[in-house]
Amino acid sequence: MKREILISSAPQEARVAILEDDVLVEFLVERPDAGRMVGDIYLGEVQAVLPGIQAAFVDIGTEKAAFLHASDLAEEEDDEENGDGNGSAGRRRTYPPIQDVVKKGQHVLVQVTKEAISTKGPRVTNQISLPGRFLVHMPQSNHVGVSRKIDDREERARLRKMAKENLNDGAGGLIIRTAGEELTPELFKRELGTLLNTWKQIQKKARNAKAPALIHREAGLTRGIIRDIFTDKVDSLTVDRKDVYGEIKRYLDGIDPDLMKRVHLYQDPLPLFDKHGIEETIREAFQRRVDLPSGGYLIIEPTEALVSVDVNTGRYTGKKDPEKTILRTNLDAAREVARQLRLRDIGGIIVVDFIDMDTKSHQDRVLQELRTYLNRDRARTRAFAVSDLGLIEMTRQRVRPSLYYSLTEPCAHCDGAGRVFTAETVVRRIERALRRAAVNGDDRRLAVRVHPQVALHILEDEPEFLRRLATRLRLNLDLRDDPLMKADEFRLLSGPALTDVTGKYSV
């Protein structure tokens, strides 16, 4: 599989596109005013300890207090790399009661594992991990692990032995990352020394800091991508800024000079993303509908609780066998669902409603196709068997808001609902409000201010609306359009000063 990384940088924004076989599969954005927090280390102060939910809230200086669960205080027993290099590294099975470990007012050193999402503050752990190019150092652990993606048993044993020989007592634990395959003792010692020195600096800064305080910031987007993703399995990396190119070159000179031949400086006047034709794909990542090669399509609906994905055959009706038509559409959908989850960085609970399949073998084939493409994802995923309702439920690791939430805001017209009342519905609401005004109000002269679309509906479809109501309710009515109003908003204005009295009479 051909893999490429494109980095487009500007003073106010850095964008990274990851392509597989010339198809965009991941898109990441970093802006100075909305920095990435995952991996940052803070000295926090415990604000509250809640034994009922086995959690504590920690002030780390952010708008909302950070959430620290008891499981994030316990040492992990699974010593395999989780794939992201941030936060703690594996599943925990046991942990002590949180009230026995932390107290209100206590200062704790914590690391962000999940950014603030919606109404929730960031999630933190006190099991610190410091990722490097080849290693992840865990100062408060004693485990030595090797990435699951390194399959060779002899290589795994060699790396584990090298780690144990170079770790002094009390130096903490290590995970050898996928990029550490065939790691030499010299590079191992150099990176371990760097990570140990970083931990000493963090400890020193924490001793002298006053909580809440930022102690250590994780690498920025560009450097993190080079460290975590750019290996000999990536065919090329193209960057469009000379200073960023120089930064990448200096970093690779110290860890893997051979990779520099795969790094290219883009100097064409045509923007880098336009050159590769991916700007349109990025815009499509914010649309509900995603078309499939077979002619079917997906509808992706994010909600507060979960994300639903609906699969439809669309214009693809096949030829003779409906089962084959459904299978082909569902296989296309399985591949596209896996890609869209990565591209949109969707996390949490996802429910996929594939087209109903009567054959168990077809259900298993679609599920296997979905899992195969999910295996390419850097985030942890888990897809369950087809349910009795024909749904596939799955989860995907969520460490930050999706592109949808991080790069958009609620619509000023629909307040995020995605729908607005029709013009006819608005007119009926106006009618009810005027009836209330006629009964309860003293002023018989009212101006009705509406969006031009509603005004046009009244003039064209209900030209007798105002005259009929004025006669029946004995009101003097005046219709005014206002393009600055929302499409389904209206105002009732009263008196010489045209005072807004909408709230007294509207629905």
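Notes on the structure follow.

Pairing between the strands of a sheet is mediated by backbone hydrogen bonds and can be parallel or antiparallel. In spatial order, the strands read E9-E10-E12-E11; together these 4 strands make up an open sheet with mixed pairing. Two strands lie at the open edges of the sheet, namely strand E9 (130–131) and strand E11 (144–146), each paired on one side alone. Of the strand pairs in this sheet, strand E10 (residues 135–138) and strand E12 (residues 173–176) are connected by 4 bridges, and their pairing is antiparallel. Looking at E12, one finds that His137 is bridged to Leu174.

Turning to the pattern of salt bridges, a few remarks are in order. When the charged atoms of two side chains lie near each other, side chains of opposite charge can form a pair. Applying the stated criterion across every chain yields a total of 36 salt bridges. Beyond isolated ion pairs, a larger network of salt bridges with shared partners links Arg3, Glu20, Glu26, Arg342, Arg376 and Arg378.

Ranked by size, the top nonpolar core spans 50 residues in total, and within it Ile5, Leu135, Phe188, Phe230, Ile248 and Leu252 carry the most contacts. If we ignore the near neighbours within four places in the chain, the residues touching Leu252 are Ile226, Phe230, Pro257, Leu259, Met260 and Val263. Core analysis: the second largest hydrophobic core is formed by 28 residues, Val290, Ile350, Leu367 and Met394 among them.

Side chains of Asp151, Asp152, Glu154, Glu181, Glu182 and Asp232 sit close together on the surface and give a patch of like negative charge. On the secondary structure map, Glu154 appears in helix H1 (residues 153–166).

On to the sheet that holds strand E23 (residues 476–481). Spatially, E23-E22-E24-E25 is the arrangement adopted by the 4 strands of the open sheet, whose pairing is mixed. Each having just a single partner strand, E23 and strand E25 (499–500) make up the two edges of the open sheet. Where strand E22 (residues 445–450) lies against E23, 6 bridges are found, and the strand directions are parallel. Following the sheet pairing, Ala447 is matched in E23 by Asp478. Across the sheet, helix H11 (residues 452–461) is in contact with E22 and E23; its angle to E23 comes to roughly 130°.

On to H1. Over its 14 residues, H1 runs 20 Å from end to end, which matches the ideal 20 Å to within 8%, given 1.5 Å per residue. All buried positions along H1 are accounted for by Glu155, Arg156, Leu159, Met162 and Ala163. Each buried residue of H1 lies within a common arc of 130° when the element is viewed along its axis, so the set occupies one face. Facing away from the buried side of H1 by over 90 degrees, the exposed positions are Arg153, Glu154, Lys161, Lys164 and Glu165. Looking at the buried positions of H1, the neighbouring elements they touch are E11, E12 and helix H2 (185–208). Between the side-chain oxygen of the N-cap and the backbone nitrogen of Glu154 there are 3.1 Å, and the N-cap of H1 in question is Asp152.

Rules and cut-offs
- Residues numbered from 1 in each chain as written.
- Predicted model: local features only at pLDDT ≥ 70, side-chain atom pairs only at ≥ 80, totals over all residues.
- Heavy atoms only, no water.
- Pairing = 2+ DSSP bridges.
- Helix = DSSP H or I, 4+ residues; strand = E, 2+ residues; numbered from the N terminus.
- Salt bridge = Lys/Arg side-chain N within 4 Å of Asp/Glu carboxyl O.
- Core = buried A, V, L, I, M, F, W, Y, C linked by side-chain atoms within 4.5 Å.
- Buried < 20%, exposed > 50% of the residue type's maximum accessible area, 1.4 Å probe, protein only.
- Contact = heavy atoms within 4.5 Å.
- Patch = residues over 30% accessible without salt bridge, like charges linked within 9 Å, V, L, I, M, F, W, Y side chains within 5 Å.
- Areas by Shrake-Rupley, 256 points an atom, 1.4 Å probe, with all protein chains shown as cover.
- Lys, Arg positive; Asp, Glu negative; His and termini not counted.
- Charge placed at Lys NZ, Arg CZ, Asp CG, Glu CD.
- Axes fitted to C-alpha atoms, helices over the stretch in contact; angles between N-to-C directions.
- Expected span 1.5 Å × (residues − 1).
- Arc of directions from axis to C-beta.
- Polar contact = N/O pair within 3.5 Å; in protein donor to acceptor, adjacent residues only side chain to side chain.

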